[in-house]
Amino acid sequence: DQQVKQNSPSLSVQEGRISILNCDYTNSMFDYFLWYKKYPAEGPTFLISISSIKDKNEDGRFTVFLNKSAKHLSLHIVPSQPGDSAVYFCAASWYNNNDMRFGAGTRLTVKP
Amino acid sequence: DVKVTQSSRYLVKRTGEKVFLECVQDMDHENMFWYRQDPGLGLRLIYFSYDVKMKEKGDIPEGYSVSREKKERFSLILESASTNQTSMYLCASRTLAGGQGYQETQYFGPGTRLLVL
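Residues numbered from 1 in each chain as written. Chains lettered and ligands numbered in written order. Predicted model: local features only at pLDDT ≥ 70, side-chain atom pairs only at ≥ 80, totals over all residues. Heavy atoms only, no water.

Structural notes on the overall build of chain B
- If you tally the helices and strands in chain B, you get zero helices and eleven strands.
- Listed N to C, the secondary structure of chain B is β-β-β-β-β-β-β-β-β-β-β in terms of helices and strands.
- In summary, chain B has a C-alpha radius of gyration of 14 Å against a globular reference of 13 Å for 117 residues, a match within 12%.
- Counting every position in chain B, which comprises 117 residues, the buried fraction comes to 51%.
- Taking the intrachain contacts of chain B between residues at least 6 apart in sequence as the baseline, contacts between residues at least 24 apart amount to 57%.
- Carbon and sulfur atoms make up 50% of the accessible area of chain B, which amounts to about 5,600 Å² in all.
- Separation between the mean location of the 16 positive side-chain charges and that of the 15 negative ones in chain B comes to 6 Å. (Helix = DSSP H or I, 4+ residues; strand = E, 2+ residues; numbered from the N terminus. Rg over C-alpha atoms; globule rule 2.2 N^0.38 Å. Buried < 20%, exposed > 50% of the residue type's maximum accessible area, 1.4 Å probe, protein only. Contact = heavy atoms within 4.5 Å. Areas by Shrake-Rupley, 256 points an atom, 1.4 Å probe, with all protein chains shown as cover. Lys, Arg positive; Asp, Glu negative; His and termini not counted. Charge placed at Lys NZ, Arg CZ, Asp CG, Glu CD.)

In structure tokens, the structure reads:
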């Protein structure tokens, strides 16, 4: 039972354009959401997070939007750069649990 | 910088062998985790450890056991490896020192790609 879903396994974007990665979740108990980025042969690294009390969090070129009513979050990368090419994992957690639930990942390719 | 290291990047084992995957973190983190990553399934939690000698099952503990005798080291053991345990194994650690508990960031090692023949 995948409680966190990333329905697009891959996304290709031109350099300089916006990349939008989407994530849906089913468990209404989730109250903290994270995005991790993974390069080949490396472990995932934390990118950005958002608490359920917010609907937007921004960090430089990266913005995460949360729509609680739709149980949907998205990661926007503007402008996209070739170095952003990686697999992006959406993850969710809640106060009563120590672990996180991860989506299947979306492979982003930014073309020069 | 937090550093999480895993003993091997690649391993090839035979069915029925006992396999040890080692993970070491250098930041005195209380929590440590073992995940496996499979295509289309993302990261799934096998076991995690609150602290030394403490462990809890994750979503897919069957066929695995763990050991945490020292705070910095968390071992994953495949008692009798099977072909369906061929996967990428990722270790992670997390501090509780910030007081945010589950909102603290997990730091991952580079992963061990295990092939069971």
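Some details on the pattern of salt bridges
All names here are of chain A.
- One pass over the full model with this rule turns up nine salt bridges over all chains.
- Between D84 and R61 there is a salt bridge, with the nearest N and O atoms lying 2.8 Å from each other. Taken as a pair, D84 in the loop between β8 (72–77) and β9 (86–93) and R61 in the loop between β6 (56–59) and β7 (62–67) lie far apart in primary sequence, 23 residues in all.
- Using a relative accessible area of 22% as the deciding quantity, one classes R61 as partly exposed. (Salt bridge = Lys/Arg side-chain N within 4 Å of Asp/Glu carboxyl O.)

Some words on the environment of B:D38
Residues and elements named next belong to chain B.
- On the secondary structure map, D38 appears in strand β4 (residues 31–38).
- What makes D38 buried here is its relative accessible area of 11%.
- Taking the C-alpha atoms as reference points, D38 and L21, separated by 17 residues in sequence, lie 17 Å from one another.
- Other than its neighbours up to four places away in sequence, D38 contacts R44, T86 and S87.

Focus on the packing of aromatic side chains
- Enumeration over the complete set of coordinates arrives at 14 aromatic pairs over all chains.
- Centre to centre, the rings of A:Y36 and B:F108 are 5.5 Å apart; their planes meet at 85°, and the pair counts as edge-to-face. Placement of the pair is A:Y36 in strand β4 (residues 32–38) and B:F108 in strand β10 (residues 107–108), with the two residues belonging to separate chains.
- On the basis of an interplanar angle of 85° and a centroid distance of 5.4 Å, the ring pair of A:F102 and B:Y35 is categorised as edge-to-face. With A:F102 in strand β10 (residues 101–102) and B:Y35 in strand β4, the pair connects residues from two separate chains. Here A:F102 and B:Y35 have matching classes, each one buried. (Phe/Tyr/Trp six-rings, centres within 6.5 Å; stacked < 30°, edge-to-face > 60°.)

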